[in-house]
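Overview (structure and organization)
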Amino acid sequence: MSDALPASIGTVVIGAGVVGACVAGFLADEGQDVLVVDEGCGAGSSANAGSLHVQMQSRFMRLYPENVPNMELQLPLYPKAVAFWRELASSLNADFDLKMTGGLMVAESQDQLDFLGVKARRERQLGLDVEILDRARLDAIAPYFGPSIVGAELCANEGKLNPLLCNAAIRSWILARGVVLAEGVRVEGIARSGTGFAVTTTRGTVTAGRVVLAAGSGTRLLAAGMEPAITIPAVAEPLHMNITEATAPLIGHLVQHADRMITLKQFGTGQIVIGGGWPARQDAPGGHAEVELASLIANASLAQHIVPSIGNLRIIRTWAGLNTSVDGMGVLGAVPAIPGLFVAIPGDAGYTLGPLSARLVADVMLGRKPGEDISPFRPERFE
Ligand SMILES: Cc1cc2nc3c(=O)[nH]c(=O)nc-3n(C[C@H](O)[C@H](O)[C@H](O)COP(=O)(O)OP(=O)(O)OC[C@H]3O[C@@H](n4cnc5c(N)ncnc54)[C@H](O)[C@@H]3O)c2cc1C
């Protein structure tokens, strides 16, 4: 798009990922004028794999044990976030290929099963619907696993959706509501101006009454450049993904592993999406993610080890994207030191949490009490 940006607007949202787009949509639904700016083209959390996560991901527990208390604080939001995706599909009258088939975290040893047992006990205390299955019970609902799997944790309200369908429907919704979407435009700085802001972009300056930082890991630099500087320690995590050709229905659940990096799920269109946290490269700090051959091979081999019949399928596409990691939970709400500034970073499994996080921030901006207590996620907790 090469159109000039509006000189002045009520709200500028920086970032057209799932969160920024939904914040814009919820504000525009109530008659607010909103500009969404994204440096990417075809922006919209497009690297996403479509897993609807609820149970704590073993990968994050292993990599960031210091974040587990924060992950537990945000845990009750996950089943609500999955339910909110269903509400969004229904309110947009859109087909997201959303299926709540449950999620299985598999174990290959007694140690891993014991780890899942402890995790499930804690998650039940925190309100999740989880149970441990031995191999016989697992086979009854998921007869596709290889011989090394000894059992699994089943989380009833996990699921999956097709992010390509979701992103397209969200884009249509916000454009129909009159949101101005500027892609290929980078925000370079935000200065306070009168009672509002002057947002400097690669396509000129826009003045706005309010600014929402929904820029994922890009939020850190934007917040640090403000006066006063705001600390949001969001970091980019480049991740690799693979997808196979389509096949007959094989894997109903969202599948993860107790001790290894894997997620597996099958879209309604038959392709199996394989991911789970294998690293990609970042071409430069703040730059793009690039696929990593070693991750492609290791990720695909592990998938075949867990579900042997995947070995018959060809991988038709690989891609890489930037995840955002903070401290195990989201950063949501107003920045008290700078009236009119808001932050919207969803937390781990941020696509799952995206629309609900956006709803909560939009409610604050609309002067309403949000439907969930967002005080643990307040932006000023890093100061
Ligand atoms: C490969 C991969 C697979 C994933 N799979 C899943 C999954 O299956 N389930 C799940 O729940 N989560 C998943 N995630 C995580 C999820 O995608 C993110 O948490 C989610 O996209 C966060 O949404 P967001 O809108 O906050 O940020 P993003 O989607 O990161 O969007 C932020 C946007 O801000 C823009 N931006 C940044 N800085 C600037 C700037 N200065 N000016 C203009 N624009 C800027 C970026 O271009 C970007 O489009 C995955 C992540 C990756 C990388």
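Residues numbered from 1 in each chain as written. Predicted model: local features only at pLDDT ≥ 70, side-chain atom pairs only at ≥ 80, totals over all residues. Heavy atoms only, no water.

For the rest of this paragraph, the subject is the packing of helix H1 (residues 18–29) against helix H10 (residues 350–365). Put simply, H1 and H10 touch, their axes get as near as 8 Å, and they point 35 degrees apart. Crossing handedness for the pair H1 and H10: right-handed. Along its contact with H1, which presents Val-18, Val-19, Cys-22, Val-23, Phe-26 and Leu-27, the element H10 presents Gly-350, Tyr-351, Gly-354, Pro-355, Ala-358, Arg-359, Ala-362 and Met-365. Residue composition of the contact of H1 with H10, by class: 11 nonpolar, 2 polar and 1 charged. (Axes fitted to C-alpha atoms, helices over the stretch in contact; angles between N-to-C directions. Helix = DSSP H or I, 4+ residues; strand = E, 2+ residues; numbered from the N terminus. Left-handed = near helix turned anticlockwise from the far one by under 90°. Contact = heavy atoms within 4.5 Å. Nonpolar A, V, L, I, M, F, W, Y, C, P; charged D, E, K, R; others polar.)

A few words on the domain arrangement of the chain. Quite often, the size of an interface is put as the accessible area lost when its parts meet. Looking at the assigned domains, one finds that the chain contains domain 1 (8–46 + 165–234 + 327–382) and domain 2 (100–159 + 236–325). Using only C-alpha atoms to locate each centre, domain 1 and domain 2 end up separated by 30 Å. Taken residue by residue, the interface counts 7 residues in domain 1 and 4 residues in domain 2. Our count for the contact surface shared by domain 1 and domain 2 stands at 1 residue pair in polar contact (both at pLDDT 80 or more). The residue makeup of the side of domain 1 that touches domain 2, split by class, is 3 nonpolar, 3 polar and 1 charged. (Domains from an automatic or database assignment. Polar contact = N/O pair within 3.5 Å; in protein donor to acceptor, adjacent residues only side chain to side chain.)

This structure, assessed with the given rule, holds 5 aromatic pairs. On the numbers, 5.5 Å between centres and 85 degrees between planes, the contact of Trp-85 with Phe-96 is edge-to-face. Taken together, the residues Trp-85 in helix H4 (residues 77–92) and Phe-96 in the loop between H4 and strand S4 (103–107) connect sequence positions 11 residues apart. Just as Trp-85 is buried, Phe-96 falls in that class too. Through a chain of ring-to-ring contacts, three or more aromatic side chains come together here, namely Phe-26, Phe-84 and Trp-173. (Phe/Tyr/Trp six-rings, centres within 6.5 Å; stacked < 30°, edge-to-face > 60°. Buried < 20%, exposed > 50% of the residue type's maximum accessible area, 1.4 Å probe, protein only.)

Before going further, it helps to examine H1. With 12 residues, H1 extends 16 Å between its outermost C-alpha atoms, agreeing within 8% with the 16 Å of an ideal straight helix rising 1.5 Å per residue. Within H1, 11 of the 12 residues are buried, which leaves it mostly tucked inside the rest of the structure. Among the residues of H1, those classed as buried are Val-18, Val-19, Gly-20, Ala-21, Cys-22, Val-23, Ala-24, Gly-25, Phe-26, Leu-27 and Ala-28. Following H1 by one or two positions, Gly-31 adopts a phi angle in the positive range, close to 85 degrees. (Expected span 1.5 Å × (residues − 1).)

What follows covers unusual backbone geometry. Across the junction of Glu-227 and Pro-228, the peptide omega takes the value 0 degrees, indicating a cis bond. Examined against the element boundaries, Pro-228 turns out to sit in the loop between helix H8 (219–224) and strand S12 (235–246). A positive phi angle is found at Asn-93, which is not glycine, with a value near 55 degrees. Among the structural elements, Asn-93 can be located in the loop between H4 and S4. Unusually for a residue other than glycine, Ala-349 sits at a positive phi of about 55 degrees. Relative to the helices and strands, Ala-349 resides in the loop between strand S20 (341–345) and H10.

Here the focus is the site of the ligand. Inspection of the region around the ligand gives 34 residues, with Asp-38, Ser-45, Asn-48, Ser-51 and Thr-352 positioned closest. Within the contact set of the ligand, an oxygen atom lies 3.2 Å away from a backbone nitrogen or oxygen of Gly-50. Contacts to the ligand include Thr-352, whose side-chain N or O atom sits 2.8 Å from an oxygen atom. Here the ligand, which alone exposes 990 Å², has 90% of that area covered by the protein. A per-class count over the shell around the ligand returns 17 nonpolar, 14 polar and 3 charged. Counting residues domain by domain, the shell around the ligand receives three or more from each of domain 1 (8–46 + 165–234 + 327–382) and domain 2 (100–159 + 236–325). (Near = heavy atom within 4 Å. Areas by Shrake-Rupley, 256 points an atom, 1.4 Å probe, with all protein chains shown as cover.)

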